[in-house]
Amino acid sequence: MDVRTSGARAAAADAHAPGRKLPGPGAYDGGHDGGHRPHQAHDPYEALAALGLHPDDLPDGLVVADETGRVTCFNAAAGRITAIRPADAIGQRLERALPLEDLDGRRWWALTDPYGGLATRVGQPERNLLLPGGHEVLVSARYVRERPTGPVRRLVVSLRGTEARRRTERSHAELIATVAHELRSPLTSVKGFTATLLAKWERFTDDQKRLMLETVDSDANRVTRLIAELLDISRIDSGRLEVRRQPVDVAAAVRRHVQALSTAGHTAERFMIKVRGPLPGLWADPDKIDQVLGNLLENAVRHGEGTVTIEVAPASHRPAADGPVVERTAITVSDEGAGIPEESMSRVFTRFWRGSKRGGTGLGLYIVKGIVEAHGGTITVGRAAGGGAEFRFTLPVGTPAYLA
């Protein structure tokens, strides 16, 4: 093989050069199921070419070394992830082209010895390894053999960046920190009041006891709501959020929520309900629609100012330019406050986003978006005519297919 070629594309061309011996029809890839059942192996470039692909088309880093341990493929993604030029890696010994170390500082290729280790090994599972300078990469390897327990004829290495995993880990850490913070305050209150009542029950008047028990009840409800939010997030993230559809009168649901807010102490004059009919029949999960309405109205009251306007109207949507028109119901909730800054609108429906310092977990709008999308609807945020925030979500209407 001519090792003077540079870049993954030159290596791919060299892999098909005349005289290169390719694995035959009876070759093995080293996999077995207990009875050493053969699996046919193919040249990596040949397999990619059959699909109309090239190593540089792959989203993950691909590094291939031949039976002598010299690099024959170092694709563009591998160069991007490792900051190593493919032209500099092609033809080099693997341990020099890709000098990996484990988290204890041990040289990875010397430690694993893919060419001289146990002949029964088929590869290495994905793990965190370090490049010079401490740059972390996720590495997995496959040992390709022509026959079981035979020598390694090709070493195929997959590389991935760690940024996505780190973002996930940070998100989980933030979730745990938020939950711990939100639980600490109500549980401290519950523990304090119950301990005080148990120790000094006779010293308090009935009014004092009632006040303490009402506080305990309110804090217990707060804990229950937080647990419900966490369960919703788990179901949304795993795609297991169930929607139990039945006919829903969304205008009546809006009026019910406004009545509840008025009963809780907000003036009825602060709310304006506009229903533009006739509305098409809406099949949705009534509990989850109540959750969406409750969250949006609570946000408008807590973070907005002036009149809160709720508009319910039919809407038409055409998913494709030449497709049929889909009937929907649109619900808009707007206020007359300062609104949401333009630079923050793209983050409104992400976890832990808070529009102000007035409390909350920052999970509500993330759950709202998950519920609306589970119904097949959409939700957007913008600026209202009165200057405040405007949330608009649409839901598809009509009888579900299983009842039609």
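For the structure, check the block above.
A brief report on the enclosed structure follows. (Residues numbered from 1 in each chain as written. Predicted model: local features only at pLDDT ≥ 70, side-chain atom pairs only at ≥ 80, totals over all residues. Heavy atoms only, no water.)

**A look at helix H7 (residues 163-200)**
An ideal rise of 1.5 Å per residue puts 56 Å on 38 residues; H7 measures up with 55 Å between its terminal C-alpha atoms. Along H7, the sharpest change in direction is near 25° and occurs at Arg184; proline Pro186 comes one to four residues later. Taken as a whole, H7 has its buried residues at Leu175, Thr178, Val179, Glu182, Pro186, Ser189 and Leu197. Buried residues along H7 sit against helix H8 (206-238). (Helix = DSSP H or I, 4+ residues; strand = E, 2+ residues; numbered from the N terminus. Expected span 1.5 Å × (residues − 1). Bend = angle between axes of the 7 residues up to and from the residue. Buried < 20%, exposed > 50% of the residue type's maximum accessible area, 1.4 Å probe, protein only. Contact = heavy atoms within 4.5 Å.)

**Some words on empty space enclosed by the protein**
Within this structure, the stated rule accounts for 1 cavity of 30 Å³ or more. Taken as a whole, the largest cavity encloses approximately 30 Å³ of empty space. The wall of the largest cavity is formed by Trp108, Trp109, Gln124, Pro125, Arg127, Leu129, Val139, Ser140 and Ala141. Only helix H6 (108-112), strand E3 (123-130) and strand E4 (136-145) provide two or more residues apiece to the lining of the largest cavity. Counting residues per element, the lining of the largest cavity draws most heavily on E3, which supplies 4 residues. When its residues are assigned to classes, the lining of the largest cavity shows 6 nonpolar, 2 polar and 1 charged. (1 Å grid on protein atoms, 1.4 Å probe; cavity = no way out; pocket = protein on both sides within 12 Å on 5 of 7 lines; lining within 4 Å. Points joined across faces, edges and corners; volume = space filled by probe spheres on them. Nonpolar A, V, L, I, M, F, W, Y, C, P; charged D, E, K, R; others polar.)

**Structural notes on the packing of H7 against H8**
Packing of H7 against H8 brings their axes to within 9 Å, and their N-to-C directions diverge by 155°. With respect to each other, H7 and H8 are oriented roughly antiparallel. Viewed along their axes, H7 and H8 form a crossing whose handedness is left-handed. Contact residues: Leu175, Val179, Glu182, Leu183, Ser185, Pro186, Leu187, Ser189, Val190, Phe193, Thr194 and Leu197 in H7; Lys209, Met212, Leu213, Thr215, Val216, Asp219, Ala220, Arg222, Val223, Leu226 and Leu230 in H8. Across the contact of H7 with H8, the residue classes tally to 15 nonpolar, 4 polar and 4 charged. (Axes fitted to C-alpha atoms, helices over the stretch in contact; angles between N-to-C directions. Parallel < 35°, antiparallel > 145°, perpendicular 65-115°, else oblique. Left-handed = near helix turned anticlockwise from the far one by under 90°.)

**A word on the sheet that holds strand E2 (residues 71-74)**
Taken together, the 5 strands give an open sheet; going across it, the order is E2-E1-E5-E4-E3, and neighbouring strands pair in antiparallel fashion. Sheet topology places E2 and E3 at the edges, where each strand pairs with a single neighbour. Across the sheet, the mean angle from the axis of one strand to that of its neighbour is 20°, orientation sign disregarded. Direction of pairing for strand E1 (residues 61-65) relative to E2: antiparallel, over a ladder of 3 bridges. What sits directly across from Val63, in E2, is Phe74. (Pairing = 2+ DSSP bridges.)

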